[in-house]
Amino acid sequence: MQFYGMEPDLVDIYNIRNLETIKIWEMVSMSSGQDMIVPAILITYDGGKSLNLCAKDKHFDTYVKKVFQVYSDEKDNILEDALSNPFRTNKGIDIDEKTKRILDSGKLESINEVYSFYQNKDSFDTSLTFQIDEVKSLIDIVKYHIMRLFSFTNKVIVFDNEEITGYRTNYAITGTIDGVDRTFPFSFDKTDNNSFIFYVGGIINFKPITVKVQFLKDSIQVNIDLEEYGLISESRYVITNGVVKEIHDVTKNGLTISYKNEDLAKVDENELQNLADIDEPTSLTWFRLPWGALYGINTNIIDISIVEKIIEICNMYIGIFENGFVKKEYYSKRYKRSRTEASSANDVILDEVRKNLLGVCIDNESKVYVLETSFDTDTVSNGFYNGVLNGKHYYHACKSTEGLKGIKKERLVSLGKKHIITNSDLVNKYKILNLIKGE
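Residues numbered from 1 in each chain as written. Predicted model: local features only at pLDDT ≥ 70, side-chain atom pairs only at ≥ 80, totals over all residues. Heavy atoms only, no water.

J.: Explain the overall build of the protein chain here, please?
T.: Counting its secondary structure elements, the protein chain contains nine helices and 23 strands. Burial status across the protein chain gives 49% buried among its 439 residues. On the protein chain, roughly 22100 Å² of surface is accessible, and the fraction owed to carbon and sulfur atoms is 49%. (Helix = DSSP H or I, 4+ residues; strand = E, 2+ residues; numbered from the N terminus. Buried < 20%, exposed > 50% of the residue type's maximum accessible area, 1.4 Å probe, protein only. Areas by Shrake-Rupley, 256 points an atom, 1.4 Å probe, with all protein chains shown as cover.)

J.: So what exactly am I meant to see when it comes to a nonpolar patch on the surface here?
T.: A grouping of Met 147, Val 156 and Val 158 is seen on the molecular surface, where their side chains present a nonpolar patch of about 230 Å² in accessible area. With respect to the secondary-structure elements, Val 156 resides in the loop between α5 (131–150) and β5 (157–159). (Patch = residues over 30% accessible without salt bridge, like charges linked within 9 Å, V, L, I, M, F, W, Y side chains within 5 Å. Salt bridge = Lys/Arg side-chain N within 4 Å of Asp/Glu carboxyl O.)

J.: When you look at the packing of aromatic side chains in this model, what are you seeing that I'm missing?
T.: The way to describe two aromatic rings as a pair is by their centre distance and the angle between their planes. Under the counting rule described, the total for this entry stands at 13 aromatic pairs. Between Tyr 144 and Trp 291, the ring centres sit 6.1 Å apart and the planes meet at 45°, which makes this aromatic pair tilted. Highlighted residues: Tyr 144 in helix α5 and Trp 291 in the loop between β16 (285–288) and β17 (294–303), separated in sequence by 147 residues. Of the two residues examined, Tyr 144 and Trp 291, each falls in the buried class. Cation over ring: Lys 121 sits above Phe 117, and NZ or CZ is 3.7 Å from the ring centre. One residue, Lys 328, lies across the ring of Phe 215, its end atom 5.3 Å from the ring centre. (Phe/Tyr/Trp six-rings, centres within 6.5 Å; stacked < 30°, edge-to-face > 60°. Lys NZ or Arg CZ within 6 Å of the ring centre and 35° of its normal.)

J.: Help me understand the environment of Ser 258 in this model?
T.: Turning to its location among the elements, Ser 258 is positioned in strand β14 (residues 255–263). Residue classification places Ser 258 among the buried residues on the basis of a relative accessible area of 13%. Ignoring any residue separated from it by four or fewer positions in sequence, one finds Ser 258 in contact with Phe 152, His 248, Asp 249 and Val 250. (Contact = heavy atoms within 4.5 Å.)

Here it is as structure tokens:
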């Protein structure tokens, strides 16, 4: 039997205690031939031990959290006076005013609550959901943009709301062209958790049209290519200055034939707030996308000093389909230093999360839902994310007689490896119901 221990750096971090000195300072780092200023924390502790990590180090975020925790626990300790401690062997924590102000405000230590929700739960290295459920979660985006593009032609295309048929990358939807019933076969290709390609046939001659859907860090992008006609449609929903801009650019043989750029309308109240808050509380401004889905955004800027800021960005997509839902979320926390005469500007990622959640009703009669949460592997983040969440899949079940609106954090039951072995277990309503009841 092999035993895999914790990385030595993490062992040192988790053993921090008896703080003696703390100093947040600015380290000069060379990047692309330029001097870059990055935040660093130097401590001495527990009888002369020392640690010094900067924002470029792998476990910096974990280090910051631990230093903050120990500082909070020890800063108010009663110090001995001259009678009880005549040789001054026990002193207070030696800390300068700038470091004390930052630590007391907690500005470098905002913990992403998503970590605590999934900590200590069983995870799976691969997805156990069925591909058709992911296809269903995206098809409304494809339908809307195809119909929009063909509104600039002499063809009138309308898609039905009937269920998708097919399996294993090959599917079909129904609708009409110029009032005549048609079936539209299509194939599906998944590049990664946030990039998808649909090849939709039955619209023009025998050649399918290509629809590419991408969920990027600050936008949603949908591109359609009708190579045979030299027709290309580029649609973007871009977060900028606290709003979401809807931008459409249609070109034919390289010449623009239609262009639109306007702000999406804000939503006064998110009717699906329970889904937005399913594993952590959120406070977002919501916008309605043209196909009915919601897009929430929030940017929070925290001033550390005149030239230093912490910038937190969060955006979230929520779409509904056949009594299921999809949620895609991006969060980042960055240290930003403005350019000065002495140094160049700097932007360092302190924390970053890309999370995908797919919820499916496995039995319409009993209203049983199974939820899959997955975390992307292409994320630059802290030690906890890389060690625990990165590339993992988590599963929960919930019974909700109110449908999607009744799915709430406190109702979720975690599904572990002793419960779920194959994807067929996820759709076994009797087994899932028993697990929900605790049997």
